[in-house]
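Results of the structural survey
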Amino acid sequence: MVVATAKPSASHPIGVFDSGVGGLSVLRALRAELPHEQFVYVADSGNAPYGERDDDHVTARSHAITDYLLGHHQIKALVVACNTATAAAIKTLRAAYPTIPLVGIEPALKPAAAASQTKTVGVMATRGTMQSEKFQALLASLHGQATFVLQPCDGLAIAIEHNDAIKIEALCAEYTRAMGQFGLNSGAVDTLVLGCTHYPFVEPVLRQSIGEHVTLLEGGAPVARQTRRLLEAAGLLASQESAPTAPTRFYTTGQVNDLRDAAARWLQLDTEVSALAV
Ligand code: DGL
């Protein structure tokens, strides 16, 4: 574990990481909510997918990246922009870094149960997230409030990593078909939780199967609001006089082009990406 030498100040950046390009969906929400903050984004694409690996791998990667962000960028807060990493590692991260504001993400089951009219909620997430104790506890806490149709989506995150349109279309069709009927009829799924940060980027493809009337829920905006709350409470919010939307720094353990293209495609950012070995 790297111990941050200087106490973080409001002018330091916020670290954000995911197994790959999916966390850009969270970064998009963070940049909108906190336009005066600077972000450092790490995509661990060289070690993805997290969702089909064991917890030890995901936990070790999460700690290695957090050490890097603290040691090399003096981050003042950390956003774990990955449901799978949050499920596997948020507890040990909190224990190892007790003083840094730390925000994780989890599938939006609770708001989905409240929003659903048919009380039938679809959930798409990685196998790792769905098998985790954290997810199972969340599910148990909502017992009786809705029927949850759980769909682990093997292969989908990695297809999104590689922007493989044919695979994305085939997997979205297969997984939505497996969840049964969508829509407002009794017993149909009217609310679909996107419980992996990669999935918001394939919303248009999902819509081809589920139609326009199903509510999609993702976690980016709530995570951004929670990040603001924690920064405010710690007195670490960037000065509102600083330049809005300072450039984000991007690093990847995978292919530089994949992250650069994804940032251009989904965030309209023309950006430099650096290769990272951690
Ligand atoms: N983006 C990640 C999540 O939110 C996981 C994708 C993967 O399997 O690597 O769960």
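Residues numbered from 1 in each chain as written. Predicted model: local features only at pLDDT ≥ 70, side-chain atom pairs only at ≥ 80, totals over all residues. Heavy atoms only, no water.

1. Notes on the sheet that holds strand 3 (residues 77–80)
How we decide: A pair of strands is labelled paired if DSSP reports no fewer than 2 bridges between them. A run of DSSP states H or I qualifies as a helix once it reaches four residues; a run of E qualifies as a strand once it reaches two. Both are numbered from the N-terminal end.
The strand order 4-3-1-2-9-10 describes an open sheet built from six strands, whose pairing is parallel. Of all strands in the sheet, those bounded by a partner on one side alone are strand 4 (102–103) and strand 10 (273–275). Pairing of strand 3 with strand 4, which is carried by two bridges, proceeds in the parallel orientation. Bridged to Leu78 within strand 4 is Leu102.

2. Focus on the site of the ligand
We apply this condition: For this description, a residue counts as near a given molecule or strand if any of its non-hydrogen atoms is within 4 Å of it. Any N or O atom pair separated by 3.5 Å or less is treated as a polar contact, with the protein-specific requirement of one donor-capable and one acceptor-capable atom, and with residues adjacent in sequence counted only for side-chain atom pairs. For this classification, the nonpolar set comprises Ala, Val, Leu, Ile, Met, Phe, Trp, Tyr, Cys and Pro, the charged set comprises Asp, Glu, Lys and Arg, and every other residue, Gly included, is treated as polar.
Neighbouring the ligand are 13 residues; Ser19, Tyr50, Gly51, Thr84 and His198 lie closest to it. Contact distances for the ligand include 2.6 Å between an oxygen atom and a side-chain N or O atom of Ser19. One of the backbone N or O atoms of Gly51 is found 2.8 Å from an oxygen atom in the ligand. Among the residues forming the shell around the ligand, the class breakdown is five nonpolar, seven polar and one charged.

3. Structural notes on a negative patch on the surface
Our working definition: Patches were defined on residues exceeding 30% relative accessible area and lacking a salt bridge, with like-charge contacts within 9 Å and nonpolar side-chain contacts (Val, Leu, Ile, Met, Phe, Trp, Tyr) within 5 Å. Method for areas: the Shrake-Rupley scheme with a 1.4 Å probe, in which residue coverage is limited to the protein chains shown. The term salt bridge refers to a pairing of a side-chain nitrogen on Lys or Arg with a carboxyl oxygen on Asp or Glu at a separation within 4 Å. The charged-residue count follows a simple rule in which Lys and Arg add positive charge and Asp and Glu add negative charge, with His and chain termini not counted at all. For this purpose, a charge sits on NZ of Lys, CZ of Arg, CG of Asp or CD of Glu.
There is a patch of like negative charges on the surface, built from Asp54, Asp55, Asp56 and Glu133. Its location among the elements puts Asp55 in helix 2 (residues 55–73).

4. Things to note about the packing of aromatic side chains
Note the following rule: We call Phe, Tyr and Trp rings a pair once their centres come within 6.5 Å, taking the six-membered ring for Trp, and we label the pair stacked below 30 degrees between planes, edge-to-face above 60, and tilted otherwise. When accessible area is computed with a 1.4 Å probe and restricted to protein chains, residues below 20% of their type maximum are described as buried, those above 50% as exposed, and intermediate ones as partly exposed. Comment: the charge-over-ring label is applied if NZ (Lys) or CZ (Arg) is within 6 Å of the ring centre and within 35 degrees of the ring normal.
As enumerated under the stated definition, the model contains three aromatic pairs in all. Here Tyr41 and Phe250 contribute two aromatic rings whose centre-to-centre distance is 6.0 Å and whose plane-to-plane angle is 50°, an arrangement assigned as tilted. Residue Tyr41 is found in strand 2 (residues 39–43), and its partner Phe250 is found in strand 9 (residues 249–252); the two are separated by 209 residues along the sequence. Neither Tyr41 nor Phe250 differs from the other in exposure class; each is buried. Measuring from centroid to centroid gives 3.8 Å for Phe201 and Trp266, while their planes differ by 5°, and the two rings are stacked. Residue Phe201 is found in the loop between strand 7 (191–194) and helix 9 (203–210), and its partner Trp266 is found in helix 11 (residues 256–267); the two are separated by 65 residues along the sequence. Exposure remark for Phe201: the relative accessible area of 10% places this residue in the buried category. When its relative accessible area of 14% is taken as the criterion, Trp266 is described as buried. Over the face of the ring belonging to Trp266 we find Arg265, whose NZ or CZ atom lies 4.7 Å from the ring centre.

5. What to know about the sheet that holds strand 8 (residues 215–217)
Formally: Comment: axis = line fitted to C-alpha atoms, over the contacting stretch for helices; angle = value between 0 and 180 degrees taken between N-to-C directions. Every residue pair with non-hydrogen atoms within 4.5 Å of one another is taken to be in contact.
Taking strand neighbours across the sheet as the criterion, the four strands line up as 6-5-7-8 in an open arrangement whose pairing is parallel. One side of each edge strand has no neighbouring strand; the edge strands of this open sheet are strand 6 (147–152) and strand 8. With direction set aside, neighbouring strand axes in the sheet form an average angle of 20°. Examined bridge by bridge, strand 7 and strand 8 share three bridges and lie parallel to one another. Note that in strand 8 the partner of Val193 across the bridge is Leu217. Lying on the sheet, helix 9 is in contact with strand 5 (120–125), strand 7 and strand 8; it crosses strand 8 at an angle near 145°.

6. What to know about the nonpolar core
To keep things clear, this is the line we draw: To qualify as a nonpolar core, a set must consist of buried Ala, Val, Leu, Ile, Met, Phe, Trp, Tyr and Cys residues joined through side-chain atoms within 4.5 Å.
If you look at the biggest cluster of nonpolar residues, it comprises 53 residues, and the most contacted ones within it are Val16, Leu24, Met124, Leu192 and Phe250. Grouped together as the second largest cluster of nonpolar side chains are 22 residues, Tyr68, Leu69, Ile100 and Tyr251 included.

7. Describing the packing of helix 1 (residues 24–33) against helix 10 (residues 220–234)
What counts here: Angle categories are assigned with fixed cut-offs, so that under 35 degrees is roughly parallel, over 145 is roughly antiparallel, 65 to 115 is roughly perpendicular, and the rest are oblique. The crossing is said to be left-handed when, going from far helix to near helix, the turn is anticlockwise and less than a right angle, and right-handed when the turn is clockwise.
Between helix 1 and helix 10, the least distance of the axes is 8 Å, while the angle of their chain directions is 45°. Considering the angle they form, helix 1 stands oblique to helix 10. In this structure, the crossing between helix 1 and helix 10 has a hand that is right-handed. For the pair formed by helix 1 and helix 10, the contact residues are Val26, Ala29, Leu30 and Glu33 on the first element and Gly220, Ala221, Val223, Ala224, Arg225, Thr227 and Arg228 on the second. Broken down by class, the residue content of the contact of helix 1 with helix 10 amounts to six nonpolar, two polar and three charged.

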